[in-house]
Amino acid sequence: MSHPTSLRLPDEVRARLNDESRRIASAPSSLAVVLIDEGLKMRRFPGIVFRDGPTGRRAGLARGPDVWEIVRDLKRHSAEDDPIRLVSEETGLAPELIGLAADYYALFPDEIDSRIAADARAYEELRALAERRQRLLSV
């Protein structure tokens, strides 16, 4: 559910919002919602940033991979004694950064789980394509 909220924006902020919304073909109000949401998340989790990519904007470590990639690896090691240590050893990332990603996931699991699921679907599509190509080339 959403509720109308009135904001007074300085002229220069409003101009930048309008310019960016035109650049990305989005309504200024929609862009403002995204930016406010991301800004609040980044304040809550210093070290988390949001970046653009072919599948849209996603949370990531400021100097590292996307949060979903870390969580995917943590889930892979969930039966182990210390998944954070194992992922840290595999990736070379400090355990504190792995913990930061895990903490972000604890508050926003749907956001991260949908990214993990999308990656799994993309992998399966590429695997199926490679198999079809191999069958065609083997004829």
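Residues numbered from 1 in each chain as written. Predicted model: local features only at pLDDT ≥ 70, side-chain atom pairs only at ≥ 80, totals over all residues. Heavy atoms only, no water.

### Quick word on the confidence of the model for the protein chain
For step 1, the next point in the chain: This prediction gives the protein chain a mean pLDDT of 94; 100% of its residues lie at or above 70.
For step 2, the next point in the chain: Taking the mean pLDDT of every element in the protein chain, the minimum, 92, falls on helix α6 (residues 109-138) and the maximum, 98, on helix α5 (residues 95-107). (pLDDT = per-residue confidence, 0-100. Helix = DSSP H or I, 4+ residues; strand = E, 2+ residues; numbered from the N terminus.)

### With respect to the side chain of E38
For step 1, the next point in the chain: Along the chain, E38 turns up in helix α2 (residues 28-44).
For step 2, the next point in the chain: The class for E38 is buried, based on a relative accessible area of 8%.
For step 3, the next point in the chain: Not counting the four nearest positions on each side in its chain, E38 is found in contact with F50 and R57. (Buried < 20%, exposed > 50% of the residue type's maximum accessible area, 1.4 Å probe, protein only. Contact = heavy atoms within 4.5 Å.)

### Regarding α5
For step 1, the next point in the chain: For α5, spanning 13 residues, the distance from its first C-alpha to its last is 19 Å, which sits close to the expected 18 Å at 1.5 Å a residue.
For step 2, the next point in the chain: Within α5 the residues assigned to the buried category are I98, G99, L100, A101, Y104 and Y105.
For step 3, the next point in the chain: Summarising the contacts, the buried residues of α5 are in contact with α2, β1 (48-51), β2 (58-61), α3 (67-76), α4 (83-91) and α6. (Expected span 1.5 Å × (residues − 1).)

### Focus: the environment of S138
For step 1, the next point in the chain: Residue position: S138 is located in helix α6.
For step 2, the next point in the chain: Within the local environment of S138, its side chain forms a polar contact with the backbone oxygen of Q134, the two atoms lying 2.7 Å apart. (Polar contact = N/O pair within 3.5 Å; in protein donor to acceptor, adjacent residues only side chain to side chain.)

### Side note on the packing of α3 against α5
For step 1, the next point in the chain: Between α3 and α5, the shortest axis-to-axis distance is 9 Å and the interhelical angle comes to 95°. Taken together, the axes of α3 and α5 lie roughly perpendicular to each other. Every residue of α5 that contacts α3 at V67, I70, V71, L74 and K75 is listed here: I98, A101, A102, Y104 and Y105.
For step 2, the next point in the chain: Here the contact of α3 with α5 is built from residues that sort into nine nonpolar, no polar and one charged. (Axes fitted to C-alpha atoms, helices over the stretch in contact; angles between N-to-C directions. Parallel < 35°, antiparallel > 145°, perpendicular 65-115°, else oblique. Nonpolar A, V, L, I, M, F, W, Y, C, P; charged D, E, K, R; others polar.)

### Considerations on the packing of aromatic side chains
For step 1, the next point in the chain: By the definition in use, this model includes four aromatic pairs.
For step 2, the next point in the chain: Summarising the aromatic geometry, the rings of Y104 and F108 are spaced 4.9 Å apart at their centres and angled 40° between planes, so their arrangement reads as tilted.
For step 3, the next point in the chain: Classification of F108 by relative accessible area gives partly exposed; the value is 24%.
For step 4, the next point in the chain: Its guanidinium or amino end placed over the ring of F108, K41 lies 4.5 Å from that ring's centre, counting from NZ or CZ.
For step 5, the next point in the chain: Above the plane of the ring of F45 lies R44, whose end atom (NZ or CZ) is 4.8 Å from the centre. (Phe/Tyr/Trp six-rings, centres within 6.5 Å; stacked < 30°, edge-to-face > 60°. Lys NZ or Arg CZ within 6 Å of the ring centre and 35° of its normal.)

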